[in-house]
There are 2 protein chains.
Amino acid sequence: MPHSATRAPLYIAMHERDNVAIVANDGGLPAGTVFASGLTLREHVPQGHKVALADLPAGSAVRRYDVAIGYALQDILAGSWVHERLLQMPAARGLDHLPIATAQPAPQPPLNGYTFEGYRNPDGSVGTRNILAITQTVQCVAGVTNFAVQRIKAELLPKYPHVDDVAALEHTYGCGVAIDAPDAIIPIRTLRNISLNPNFGGEVMVVSLGCEKLQPERLLPPGSIALIDERSAAATDSAAGLDVVCLQDAAHMGFMSMVDAIVRQAEAHLQRLNTRRRETVPASELVVGVQCGGSDAFSGVTANPAVGFCTDLLVRAGASVMFSEVTEVRDGIDQLTARAATPEVAEAMVREMAWYDAYLHKGQVDRSANTTPGNKKGGLSNIVEKAMGSIVKSGSAPITGVLAPGEKLARKGLTYAATPASDFICGTLQLAAGMNLHVFTTGRGTPYGLAAVPVIKVATRSDLARRWHDLMDVDAGTIATGQQTIEQVGWELFHRMLDVASGKKTWAEHWKLHNALVLFNPAPVT
Amino acid sequence: MPHSATRAPLYIAMHERDNVAIVANDGGLPAGTVFASGLTLREHVPQGHKVALADLPAGSAVRRYDVAIGYALQDILAGSWVHERLLQMPAARGLDHLPIATAQPAPQPPLNGYTFEGYRNPDGSVGTRNILAITQTVQCVAGVTNFAVQRIKAELLPKYPHVDDVAALEHTYGCGVAIDAPDAIIPIRTLRNISLNPNFGGEVMVVSLGCEKLQPERLLPPGSIALIDERSAAATDSAAGLDVVCLQDAAHMGFMSMVDAIVRQAEAHLQRLNTRRRETVPASELVVGVQCGGSDAFSGVTANPAVGFCTDLLVRAGASVMFSEVTEVRDGIDQLTARAATPEVAEAMVREMAWYDAYLHKGQVDRSANTTPGNKKGGLSNIVEKAMGSIVKSGSAPITGVLAPGEKLARKGLTYAATPASDFICGTLQLAAGMNLHVFTTGRGTPYGLAAVPVIKVATRSDLARRWHDLMDVDAGTIATGQQTIEQVGWELFHRMLDVASGKKTWAEHWKLHNALVLFNPAPVT
């Protein structure tokens, strides 16, 4: 590992009261290594894994991020590797007697003058891409729709050069599900709100089978489509203003008749989308969803703190930022309720956590089901440690809003959007919330992308950024090596966001990589 | 409707004790219509909907298939339209005191001499297609895998003309899930067993991210791959005999390095698959999954009885047949336990029904969540009536086996494979069970298809078969018009099965239409 050979041994502690720190050097460090502080390693410690800074008697709290991430299961001497098998995980914090809106940070000065080039929609929202979306009520229609999309891309898209892409909103919901179950509202409103994402310009078109449970009028009831302007409504076939191609319509004679109908309807929308042009808009029009996936111990040291700094910049610029992932913030609920701007926000946060606790309990698991083998290999001992490193993405601004899964964002500032941590499900729900830009940090590495919104990927380690040079957009590993500060990488990310929002392609867009939409459906299938 | 104009008014009763029948004529029949029996319609009755054959006093049982499908909510006069709003649905049959193996039909004579041209595998199973499958441990790798598959199809497939296709086994599972929850075994074994489907010839290759919860060794533990022969094992990189491309491997430098690795591994498998040739095998090597979707009142009158007749032919020929869809057989549990070959089979059936009852109850719904608006529009008043029409697909043979969701079939004869009724989930689970041919009946019409196994689609009505002439493979509507008997269509379907199993393309294959794999995951996501 030539890079570590040239660097002095380095550990990184997150807080002055911490009694463990993580080894920063590529490849880890061998037994006998002496740090600048005088601490000597008693054994090999892999990169990103924890070393004891002091003797930790059995039963004592092991502290990182100024929080007890576990309790020592045996005496641990200073300089030892503090791995997951030496730690007992703390019990989950109860949801009673939490501090409510007690930690109101002083407001930071507004950040004025930053702009990007976006697509202004009739309803005032702003898109960062110009995409024709084809909403589908049910998986049944996916084969025919995909066939039609291939034709649209080959035959029509070249004629409409101002349209970036065509995205079929394929999903596995719509029928064969318990659509009247109380929890079915989540996938239904998710699909509805995705169709209204600002990157689709209000040009809602729907492909329906006909006999499905999720009828078009149930998916998009009258009045739900505020984005559709008059031109669009006038052009539709349906009296309700909804543009639906129904495959079971008696008028269709054979497969090509269905395909032709989809292609024909698509062209009407493409014509209007093609008239859209980017215009200069303030940075406050950004709606950013932040997320992490494939986390390691550096996530909470490099990439996530840089994202957190950038989150503060965005809030100061008047933009909207969402952080998510219930199981990855559950252990920091007291920090979050303390940061809530109002008691109502804190209560909404507690409501979402309680709902998720119950949801996991029904499946006979708890929040600890979150961590992966890769997390542990990367140095994260348990969900408490992972959560502390995850929450820092939210920066330090007051939390002014809470969204239940699938709801649409209605206010600017910092919002907690409650979602599962699964990358695709979280991304899908943030899309539904109205996200027009996505930031994704990763330590182990994942080629994640979405079809509807650009995803800026931030590597937590320079080794990953070097190897995945054409998949990672930003290298935050330079924070660990001291080459850049958190503030520098945060500003770099902020400027990159404005560039990407203005049309600069991410690596995932360059390769046309994207993952499936994955709906969160806590209700049964039938 | 020219077709109905040329035909005498016709209703179809299923059993001599029934007091309702369905109107067969296209377009339905108007008030005043007089049937051959002398019955006169008191109002318009749509096609497929029920007419009262006698006066039905309020509270009396409304009988179809010789079963009470509901109780009259008011007095209903003979000749009236008996629609869903006039019926109270019966309570679900309890799972105690069921008849156990009491209705053993006399064995039917063996059916010898029928064969098809299939691909014999090293483990003795037989494929009907020759497909390279790429197993994926987690959705994270789908973007890169799809990119590689496009290259494989463009660059390699033309060099290997005996290989039919390349199928990426994309799914939304693998991480961000509660993988240690008791119910997580279902999606895991489903994915494992799909990889071993006979149409993939034992050439298992896996694309893994690296940090996911569903590690390759957990998905396919040593010993699970009985299909892999020695040539295949010798060619793999891994000591465990598992051929895995891991995207996070330190050796990968950039995106194309990952893509190249997948393409390179795929070619080794393509070379071996390309040596496979069809050979004549007995019809007993068929493993048929039967399913219905988009059902109407004709499903239980035309297509499903014809499939049931064909099921009996297949059992007589020594083949394997699975019927499925828990909520669509739940109301006929007493018929099924009576038909069980042994008490153990009956007990297994009850176990699966009880599990599903509890699963639905947790989501605060019951079996009645199954029916769709399209079912009701098609004349099916409730799940009891739908179930009676669905069960007839199973024919009359003794039920000799039961599979829990995701399990692999181990015996020939008639098996009840417990699955949800959702078309894609049922199809995915039947794939996992080892199905090499799929039969799908539909009344409302759906363009359903699967990438891995040919799907023969059977229309319940001739009107649908005419309009969807290039999507429906068999027209069973001729049974309703008296042009063909159930037996004739059953034999036609049997011969079609042998043809399709031998390589004749279905319409879905012609258009390359297929739906997504959809895993049944009753466990939580995290």
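Residues numbered from 1 in each chain as written. Chains lettered and ligands numbered in written order. Predicted model: local features only at pLDDT ≥ 70, side-chain atom pairs only at ≥ 80, totals over all residues. Heavy atoms only, no water.

Details of the sheet that holds strand S16 (residues 399-403) of chain A
Residue and element names in this part refer to chain A.
Here is step 1 of the chain: Read from one edge to the other, the open sheet built from 7 strands follows the order S16-S17-S15-S14-S18-S19-S20, with strand pairing classed as parallel. Either end of the sheet is taken by a strand with one partner, and the two such strands are S16 and strand S20 (474-475).
Here is step 2 of the chain: Bridge count between strand S14 (residues 287-292) and strand S15 (residues 320-323): 3 bridges; the pairing is parallel. Bridging across to S15, Val288 finds its partner in Val321.
Here is step 3 of the chain: Taken strand by strand, helix H12 (residues 423-433) contacts S14, S15, S16 and strand S18 (437-442), and its axis lies near 170° from that of S14. (Pairing = 2+ DSSP bridges. Helix = DSSP H or I, 4+ residues; strand = E, 2+ residues; numbered from the N terminus. Contact = heavy atoms within 4.5 Å. Axes fitted to C-alpha atoms, helices over the stretch in contact; angles between N-to-C directions.)

Section: the pattern of salt bridges
Residue and element names in this part refer to chain A.
Here is step 1 of the chain: Applying the stated criterion to the full structure yields 47 salt bridges over all chains.
Here is step 2 of the chain: The shortest N-O distance in the salt bridge between Lys153 and Asp165 comes to 3.7 Å. Taken together, the residues Lys153 in helix H2 (residues 142-156) and Asp165 in strand S10 (residues 165-169) connect sequence positions 12 residues apart.
Here is step 3 of the chain: Judged by relative accessible area, Lys153 falls into the partly exposed class, the value being 40%.
Here is step 4 of the chain: On the basis of relative accessible area, Asp165 is assigned to the partly exposed category, the value being 26%.
Here is step 5 of the chain: The shortest N-O distance in the salt bridge between Arg272 and Glu203 comes to 2.8 Å. Here Arg272 is found in helix H6 (residues 255-273), whereas its partner Glu203 is found in the loop between helix H3 (185-195) and strand S11 (205-208), with 69 residues between them in sequence.
Here is step 6 of the chain: The exposure class assigned to Glu203 is buried, which follows from its relative accessible area of 5%.
Here is step 7 of the chain: A single network of salt bridges, built from pairs that share partners, joins Asp296, Arg461, Asp463 and Arg467. (Salt bridge = Lys/Arg side-chain N within 4 Å of Asp/Glu carboxyl O. Buried < 20%, exposed > 50% of the residue type's maximum accessible area, 1.4 Å probe, protein only.)

Some remarks on the interface of chain B and chain A
Here is step 1 of the chain: Residue-level contacts link 70 residues of chain B with 70 residues of chain A.
Here is step 2 of the chain: At the boundary of chain B with chain A, total buried surface from both sides reaches about 5,200 Å², with 67% on carbon and sulfur atoms.
Here is step 3 of the chain: Counting across the chain B and chain A interface gives 0 salt bridges.
Here is step 4 of the chain: There are 28 residue pairs in polar contact (both at pLDDT 80 or more) connecting chain B and chain A.
Here is step 5 of the chain: Residue assignment for the side of chain B that touches chain A shows that the elements contributing at least two residues are helix H2 (142-156), helix H6 (255-273), helix H9 (343-362), helix H10 (373-377) and helix H12 (423-433) of chain B.
Here is step 6 of the chain: Partitioned by chemical class, the residues of the side of chain B that touches chain A number 37 nonpolar, 23 polar and 10 charged. (Buried area = accessible area lost by both parts, 1.4 Å probe. Polar contact = N/O pair within 3.5 Å; in protein donor to acceptor, adjacent residues only side chain to side chain. Nonpolar A, V, L, I, M, F, W, Y, C, P; charged D, E, K, R; others polar.)

Comments concerning unusual backbone geometry
Glycine aside, residues mostly have negative phi, and peptide bonds are mostly found in the trans state.
Here is step 1 of the chain: A positive phi angle, close to 60°, is found at Asp66 of chain A, a residue other than glycine.
Here is step 2 of the chain: Within the fold, Asp66 of chain A resides in the loop between strand S4 (61-64) and strand S5 (67-72).
Here is step 3 of the chain: Backbone geometry places Gln364 of chain B, a non-glycine residue, at a positive phi of 65°.
Here is step 4 of the chain: Among the structural elements, Gln364 of chain B can be located in the loop between H9 and H10.
Here is step 5 of the chain: Residue classification places Gln364 of chain B among the exposed residues on the basis of a relative accessible area of 62%.

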